[in-house]
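So the chains spell out like this:
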Amino acid sequence: MSEMRFFIDPVRCIGCKACMQACSECDTHRGKSMIHLEHIERGSSTQTAPMVCMHCDLPTCAAVCPADAIKRTEDGVVQSSQSPRCIGCANCVNACPFGVPRYYPEIDQMLKCDMCYDRTSVGLKPMCASVCPSEALYFGTLEEFQSRRKGTPKNTFQFGMQTITTKVFIVLPEGEMGLDMDVIAHMDGRFEPDAFDHLDPFAHLEALPQYQGGPQ
């Protein structure tokens, strides 16, 4: 039997947050959602994308943990920090290239998506994938995915000089072969004269008439 895989298709996300609600209902999450939605271009679009832990083959979060609190299972799932070991330093939060781990000061611990390991380890879907109405989050075999969906699933990402492979796949539009996360170039681009960040998003609106005072 083919291995079950986790696919994220940002184009299908409708921003309903059903995944976040379902995730927060997991008993192991203490009522917190381990998934969040990213706004692709908040100033110009309503498009969102679900963000779960990508479960890197060589997880940076675990590499920078001074307490050895983050473990990766034999089948490739990177777990949340172990509460007896986690010292709340937030190194993992700052180091993750995907911006996934979250530090919760009320419990002094990092928590993140563990791909619903209590479910997926026994053949069930993650909570988020089981409720997603548009299948932006899809859990199944590669053969199942390719038989019913378009797009190119990729699990290799380039961050500058660093190449990262993951257990979770991002679905790219057909014909796209890779995803280059050149963060430095993106940050530099924000300072270009025509960058959207420097435009006034309300420039197209007429000014409201000013109240001059006096009796109404």
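For the structure, see preceding data.
Treat the numbers as computed from the prediction; the structure is a model and nothing was measured.

Caption draft 1: Seen up close, the overall build of the protein. From N to C terminus, the protein includes seven helices and nine strands. Evaluated residue by residue, the protein yields a buried proportion of 39% over its 216 residues. Looking at the protein alone, contacts between residues at least 24 apart form 53% of all its contacts between residues at least 6 apart.

Caption draft 2: Layout of the pattern of salt bridges. Applying the stated criterion to the full structure yields eight salt bridges. Across the pair Arg12 and Asp9 runs a salt bridge whose closest N-O atoms are separated by 3.7 Å. For Asp68, the salt bridge identified is with Lys71, shortest N-O distance 2.7 Å. For Lys71, a relative accessible area of 31% puts it in the partly exposed group.

Caption draft 3: Spatial organisation of the pairing of strand β1 (residues 4-8). Pairing between β1 and strand β6 (residues 137-141): five bridges, direction antiparallel. Pairing of Phe6 across the sheet is with Phe139, part of β6. Pairing geometry for β1 and strand β8 (residues 162-172), over three bridges, is parallel. The residue of β8 that forms the bridge with Ile8 is Ile170.

Caption draft 4: Molecular detail of the environment of Val168. Checked against the element boundaries, Val168 lands in strand β8. Taking C-alpha positions, Val168 is 9.8 Å from Gly76, a pair spaced 92 residues apart along the chain. Ignoring any residue separated from it by four or fewer positions in sequence, one finds Val168 in contact with Phe6, Ile8, Val52, Cys53, Met54, His55, Met115, Lys154 and Asn155.

Caption draft 5: Local environment of the side chain of Ser24. Within the secondary structure layout, Ser24 lies in helix α1 (residues 18-24). Aside from chain neighbours lying at most four places away, what touches Ser24 is Gly31, Lys32 and Ser33.

Caption draft 6: A look at the packing of aromatic side chains. The tally for this structure, following the rule as stated, stands at seven aromatic pairs. Ring geometry for Phe7 and Phe145: centres 4.4 Å apart, planes at 10 degrees, overall stacked. Linking Phe7 in strand β1 with Phe145 in helix α6 (residues 142-148), this pair joins segments that are 138 residues apart in sequence. Each member of the pair, Phe7 as well as Phe145, carries the same accessibility label: buried. When the centroid spacing of 5.6 Å and the interplanar angle of 40 degrees are considered together, the rings of Phe7 and Phe169 count as tilted. With Phe7 in strand β1 and Phe169 in strand β8, this residue pair connects regions lying 162 residues apart in the sequence. Connected via pairs of aromatic rings, a cluster forms that spans Phe7, Tyr138, Phe145 and Phe169. The ring of Tyr104 carries the charged tip of Lys32 above its face, separated from the ring centre by 5.2 Å.

Calculation criteria
- Residue positions are given per chain, counted from 1 along the sequence in the order it is written.
- The predicted origin of the model limits local features to residues at a pLDDT of at least 70 and limits the giving and counting of side-chain atom pairs to 80 or more, whereas totals for whole chains, interfaces and linings rest on all residues.
- For side-chain calculations, the full set of non-hydrogen atoms in the structure is used, while hydrogens and water are omitted.
- Helix and strand definitions here come from DSSP, where helices need a minimum of 4 consecutive H or I residues and strands a minimum of 2 consecutive E residues; each element is numbered from the N-terminal end.
- For each residue, the accessible area found with a 1.4 Å probe, counting protein chains only, is set against the maximum for its type, and the residue is called buried under 20%, exposed over 50%, and partly exposed in between.
- Only heavy atoms matter for contacts: two residues are in contact if any of them lie within 4.5 Å across the pair.
- Basic side-chain nitrogens of Lys or Arg form a salt bridge, by our definition, when they fall within 4 Å of a carboxyl oxygen of Asp or Glu.
- At least two DSSP bridges between two strands are required for those strands to pair.
- For this analysis, a ring pair means two rings from Phe, Tyr or Trp (six-membered ring only for Trp) whose centres lie within 6.5 Å, classed as stacked if their planes differ by under 30 degrees, edge-to-face if by over 60, and tilted for the remaining angles.
- Look at NZ for Lys and CZ for Arg. If either is within 6 Å of the ring centre and within 35 degrees of the ring normal, a charge sits over the ring.

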